Every structure is written in C-alpha cells, then in structure tokens.
Amino acid sequence: MIIGRAAGMRVTMASVAKRAGRANEDFTGAVPTAAVLIDGAGIPGTETICRHGVAWYAARLGGSLLSLVHDGSLPEVLGEAIGQVTDEHRDTCDVADPISPSAMVAILRLSGGLAEYLVLGDAYVVLDRPADTPLVVTDPREVIISRSYQPALEAATQGGDEYHRILRDLRANRNRPGGFWLAKDDPRAADEAITGSLPTSELNGAALLSNGASRIVDPFRLAGWPEVLAALASSGPAEILRRVRQAEARDAVAPDDATITHCTDLGGSDL
C-alpha cells in the first residue's frame, strides 16, 4: 500500500495489489494541480503479446499523463500520452492485438477556477459538492457489453480454451463504434472519453477510484457515494480499501487491484 501527498492541492493516495506477490496493475500519481489514476487491463496470454506487461503499460501511461497534463485539453493530453507509450513498445510488442495491454483512465485537473475531469472506461471521478449530491462520473459501456458475455464465461471452464476464446471475443469490442473505449494503441480513443468541469468554488474535493475500489458501492453496497466521501475525509482511502478487502473475503469474490486518490483544498491550487 502506498500513501502520499502532493504539494499544492492536498492529495492522499492508497493502492493495494489484488494479492501479495503480484504486480499492481493500477497506477496513480499527482502534481500540484492535477491527479491521474490508471486501471490497467489484461487477460491471461497478454504476456505473450507484450513482453512488458500490464503494470508497465499503466505506469508508463500514468507517467506520460503527468508530464503532459497541462499541455492542452484533457482528450488531447490523453491522446498524446497514448501515442507516446505505444511508440515505446511498438517495435517489440504486438500493440494492435486485441489482448495487448490497455487501461481505464481518470484525470482531475485544476485550471482557471475549474476542476476539469476526464474518464475513459470504468474508472471513477467523484466530485464532492457540498450543496448537492456527489457528481459521479464513469463510463459504463464496457460493463454493459460485458454483461452479455457473462453467462457464457460462467459456463466455460475458467482458464480453458473456450474461456479464453470468449474473452477474446469480448475484447474485440474494444475501441470500435458500438463497443467500448480504453487507452491502448490508438490515440483516437481519447476522443471518446467523458469530460466536463465544475467551478472549484462549488467543491469540497474529488476522488479518483479504480473499479476495484469502487466495489464498496457496487456491488457490495457497503456505502453510498456521500458516505464514501465522508469516510475519505475522516479516515482516508486506506480505510475504504480495507473494507473492500473484507467484503471480498466475506463473499468469496476474487480480489482486484484497488486504488483511490483523494484530492482536497482545490481552490488554493489553481493555475
């Protein structure tokens, strides 16, 4: 688990791998006026396509985003970062293969009195509005499409040839019209991201979560988003992750990498 703070806005982070001895395929980081969270994605066999792996892809994409985050609109920044990372391993890996590493992305950036956000895939940005309910931003397209494959996956032997074939068919919906969009090898996927902004004066803070951490709300229903934000303010992100791990063990749910970045004091950190 990693907990840290960036200068400027107050940023507290916690991240835990799905199990001991396995690389964490999430990444998070911050600079004084921005935070990024990457939720890496891959399936068995990815290592035969990309010798670097999913954790490498997530860390490289996150690092590129942090270095570029103030260079244009958020989709432009993400597109440039995807292009940079793809070029880093284009000559050694089959970057276009459907099971090559990919990632969900969440970005928060402070600029001109606004908190700008971007979400690509089923990562989360949750904006804490004291005068209203939280604004919860995620991209449900992969979740919706994946549901249609779930019965076949449950019927197949996990790890078997048929199971992997179904997963490949699911991945074939990635980054195409009518499918779902993730960061992978095509910078144009960034144009499909969900974006928006709110005045920092209307916010108490914001949280970025990987889908492993968002399990506290769905499917475990241990808290609603207002309660999650209150717990982050009082106890920090590590407590949320502890509760998620307890629920996974209780319900015999396979654990996932889980990461939360909690940002506060937004008004005093503007560009």
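These numbers come from a predicted model, not from an experiment.

Parameters at a glance
- Think of each chain on its own: its residues are numbered from 1, step by step along the sequence as written.
- In keeping with the model being predicted, local features are shown solely for residues with a pLDDT of at least 70 and side-chain atom pairs are shown and tallied solely at 80 or more, while totals for entire chains, interfaces and linings include all residues.
- As a rule here, side-chain values come from all non-hydrogen atoms in the structure, and water together with hydrogens is ignored.
- Where helices and strands are cited, they refer to DSSP runs of H or I of at least four residues and of E of at least two residues respectively, numbered from the N terminus.
- We compute the radius of gyration from the C-alpha atoms alone; for a globule the expected value is 2.2 Å times N to the 0.38, where N is the number of residues.
- In this scheme, a residue with accessible area under 20% of its type's maximum is buried, one over 50% is exposed, and one in between is partly exposed, where area comes from a 1.4 Å probe on protein chains only.
- Note on contacts: a residue pair is in contact if any heavy atoms of the two residues lie within 4.5 Å.
- What makes two strands pair is DSSP finding at least two bridges between them.
- Axis definition: a line fitted to C-alpha atoms, over the contacting stretch in the case of helices. Angles run 0 to 180 degrees between N-to-C directions.
- Aromatic pairs are defined between Phe, Tyr and Trp rings, using the six-membered ring for Trp, whenever the two ring centres lie within 6.5 Å; interplanar angles under 30 degrees are classed as stacked, those over 60 as edge-to-face, and all others as tilted.

Undergrad: Which parts of the structure should I look at to understand the overall build of the chain?
TA: Per the secondary structure count, the chain includes 7 helices and 10 strands. In summary, the chain has a C-alpha radius of gyration of 18 Å against a globular reference of 18 Å for 271 residues, a match within 12%. Structurally, the chain occupies a C-alpha span of about 55 × 45 × 35 Å along its principal axes. Counting the 271 residues in the chain, one finds 54% classified as buried. A separation of at least 24 residues holds for 70% of the contacts in the chain among residues at least 6 apart in sequence.

Undergrad: I keep staring at the sheet that holds strand β4 (residues 102-111) and nothing clicks. Help me out?
TA: Pairing between the strands of a sheet is mediated by backbone hydrogen bonds and can be parallel or antiparallel. As summarised here, the arrangement of the 5 strands in space is β2-β3-β4-β5-β8, forming an open sheet in which the pairing is antiparallel. Both outer strands of the open sheet, β2 (26-31) and β8 (194-199), are each paired with one neighbouring strand and no more. Direction aside, neighbouring strands of the sheet carry axes that sit 10 degrees apart on average. The pairing of strand β3 (residues 34-41) with β4 spans 8 bridges and is classified as antiparallel. Within β4, the residue paired with A34 across the bridge is R109.

Undergrad: Sorry, what's going on with the packing of aromatic side chains here?
TA: Counted under the stated rule, the structure contains 1 aromatic pair. Between Y124 and W225 the ring centres are 5.4 Å apart and the planes differ by 35 degrees, which places this aromatic pair in the tilted class. With Y124 in strand β6 (residues 124-128) and W225 in helix α6 (residues 225-235), the pair connects residues that are 101 residues apart, well separated along the chain. Residue W225 is classed as buried on the basis of its relative accessible area, which comes to 13%.

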